[in-house]
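# Observations on the three-dimensional arrangement
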Amino acid sequence: MADNLSRAGQRYVDADLLAYVERVHASQDTALQAAFDAPGLRDMPAIQVGKSEGKLLGMLLRLAGARKVVEIGTLAGYSAIHLARALPAEGHVWTIEYDPKHHAIAKENIDLAGLTTRVTCLLGSALDVLPTLVSSGPFDAVFIDADKGNYDRYGEWSAAHLRTGGLLLGDNAHFFGRLMEDSEDAQAMRRFHENAARAFDTVCIPTPDGLLLGIKR
Ligand code: SAH
Ligand code: MG
């Protein structure tokens, strides 16, 4: 289930209310809808960002005047399409995915959206691929949305390769509600928060699972 729907039924918010605000503010064209629907239809985990979070990511990039963006965790390309559409014509997204099936389906969706030249889909483990991107930097934004146990490392890479004023965006910053647990992954996520708060001016936006936003000092 997409992030947004996972909170349906909790205090204040129900499925009808979410459907209404998504319909009014985050309506989708065919290409975006296809990428959003792909995980559910093609036997992939449906863990793409919610529709409102996707829209928010794009609007944050526009506010920051972003041109060069790195995404860690492509899945079916849904958030990558939001990111790419927010950029000026010469802008570029590099998105990293280690599952060959996800990578292939993302490329289909990005082609369908007409964004083939604006998005480079990289197949590989993020910690292996990130060093190959350094020469294309510094970057204007990094969106982290992959394995939670490495968020601290992804955050360090971002601090090193974002320009001053560049955006750090970390999805699932509440770690599915388990942020305060003792597991290795929860500890890594807390290090991500604490290190980010030093290198960036930060806020953890209370989206359904938390979106850490940082502006590089
Ligand atoms: N950002 C996407 C959702 C990403 S889901 C969207 O909102 O549309 C997380 C993705 O990260 C999955 O496809 C998973 O296969 C990938 N992933 C997990 N660990 C990874 C790693 N170490 N390197 C690259 N990709 C990884
Ligand atoms: Mg996520």
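This report concerns the structure included in the present document. (Residues numbered from 1 in each chain as written. Chains lettered and ligands numbered in written order. Predicted model: local features only at pLDDT ≥ 70, side-chain atom pairs only at ≥ 80, totals over all residues. Heavy atoms only, no water.)

## Some details on the site of ligand 1
To keep things clear, this is the line we draw: Near residues are defined by distance, with any heavy atom within 4 Å of the molecule or strand qualifying the residue. Definition of a polar contact: a pair of N or O atoms within 3.5 Å, with one able to donate and the other able to accept a hydrogen when the atoms are protein atoms, and with sequence-neighbouring residues admitted only if both atoms are side-chain atoms. All accessibility values rest on the Shrake-Rupley procedure with a 1.4 Å probe; residue burial counts only the protein chains present in the view. Gly is put with the polar residues, along with every residue not named as nonpolar or charged; the nonpolar set is Ala, Val, Leu, Ile, Met, Phe, Trp, Tyr, Cys and Pro, and the charged set is Asp, Glu, Lys and Arg.
If you check the shell around ligand 1, you find 21 residues, and the closest are Gly-73, Ser-79, Glu-97, His-102 and Asp-145. Contact distances for ligand 1 include 2.8 Å between an oxygen atom and a backbone N or O atom of Val-49. Here a nitrogen atom of ligand 1 and a side-chain polar atom of Asp-147 are 3.2 Å apart. Here ligand 1 has 580 Å² of accessible area as a free molecule, and 94% of this is covered by the chains. Tallied by class, residues from the shell around ligand 1 come to 9 nonpolar, 7 polar and 5 charged.

## Section: the nonpolar core
Worth spelling out the cut-off: In plain words, nonpolar cores are sets of buried Ala, Val, Leu, Ile, Met, Phe, Trp, Tyr and Cys residues tied together by side-chain atoms within 4.5 Å. Accessible area is worked out with a 1.4 Å probe on protein chains only. A residue is then buried under 20% of its type maximum, exposed over 50%, and partly exposed in between. Helical segments are the DSSP runs of H or I of at least four residues, strand segments are the runs of E of at least two, and each set is numbered from the N terminus. Note on definitions: a residue-residue contact is assigned when non-hydrogen atoms from the two residues lie within 4.5 Å.
Residues Leu-61, Val-69 and Leu-169 are the most contacted members of the largest nonpolar core, which totals 29 residues. Sorting the residues of this core by element identifies α2 (30–41), α3 (51–64), α4 (78–85), β3 (119–123), β4 (139–144), β5 (162–171) and β7 (211–216) as the ones contributing at least two each. Not counting residues up to four positions away in its chain, the partners in contact with Leu-61 are Ala-66, Val-69, Leu-83, Ala-86, Leu-87, Ala-141, Leu-167 and Leu-169. Counting residues in each nonpolar core, the second largest holds 27 residues, with Ala-126, Tyr-154, Leu-179 and Met-189 among its members.

## So, the pattern of salt bridges
Applied cut-off: Only one rule defines a salt bridge in this text: a Lys or Arg side-chain nitrogen within 4 Å of an Asp or Glu carboxyl oxygen.
Applying the stated criterion across every chain, the model contains 7 salt bridges. Note that Glu-90 is salt-bridged to Arg-67, the shortest N-O span being 3.5 Å. In this pair, Glu-90 is assigned in the loop between α4 and β2 (92–97) and Arg-67 in the loop between α3 and β1 (68–72), connecting sequence segments 23 residues apart. Take Glu-90: its relative accessible area is 53%, and that puts it in the exposed class. We note a salt bridge from Glu-181 to Arg-178, for which the minimum N-O separation is 4.0 Å.

## Here we look at the sheet that holds β2
What counts, and what does not: Pairing between strands is defined by DSSP: at least two bridges between the two strands are required. Angles here are taken between N-to-C directions and fall from 0 to 180 degrees, while the axes themselves are lines fitted to C-alpha atoms, restricted in helices to the stretch in contact.
Strands sit in the order β3-β2-β1-β4-β5-β7-β6 across an open sheet of 7 strands; the sheet is mixed. Looking at which strands have only one partner, the edges of the open sheet turn out to be β3 and β6 (200–205). Going from strand to strand, the sheet's axes swing by 15° on average, the running direction of each strand aside. Its contacts with the sheet place α3 against β1, β4, β5, β6 and β7, and it is angled at close to 175° to β5.

## Points about the coordination of the magnesium ion (ligand 2)
Tetrahedral metal sites with four donors have an ideal angle of 109.5 degrees; octahedral sites with six donors have ideal angles of 90 or 180 degrees. The criterion, for reference: Note on donors: an N, O or S atom is included if it sits within 2.8 Å of the metal, or within 3.2 Å for Na, K and Ca, and water is never included, so sites can look incomplete.
Within the protein, Asp-145 (OD), Asp-171 (OD) and Asn-172 (OD1) serve as the donor atoms for the magnesium ion (ligand 2), at 2.0 to 2.1 Å. Taken in chain order, the donor set of the magnesium ion (ligand 2) reads D-x25-D-N. With Asp-145 in the loop between β4 and α7 (151–161) and Asp-171 in strand β5, the pair connects residues that are 26 residues apart, well separated along the chain. An identical accessibility class is assigned to Asp-145 and Asp-171; each is buried.

## Here we look at the side chain of Glu-71
The criterion, for reference: None of His or the chain ends enter the tally, which takes Lys and Arg as positive and Asp and Glu as negative.
Mapping Glu-71 onto the fold places it in strand β1. Summary of buried charges: Glu-71 has no salt-bridge partner, and the nearest side chain of opposite charge, Lys-148, is 11 Å away. Of the polar contacts made by the side chain of Glu-71, one reaches the side chain of Thr-95; its length is 2.6 Å.

## Points about unusual backbone geometry
A cis geometry characterises the amide bond from Gly-137 onward to Pro-138, with omega recorded as 0°. Mapped onto the fold, Pro-138 is located in the loop between α6 (126–133) and β4. Here Asp-43, not a glycine, exhibits a phi torsion of approximately 60°, which is positive. With respect to the helices and strands, Asp-43 occurs in the loop between α2 and α3. Phi is positive for Asn-172, close to 55°, though the residue is something other than glycine. You can see Asn-172 is positioned in the loop between β5 and α8 (184–199). Residue Asn-172 is classed as buried on the basis of its relative accessible area, which comes to 3%.

Remember that the coordinates give geometry; whether it matters functionally is a separate question.
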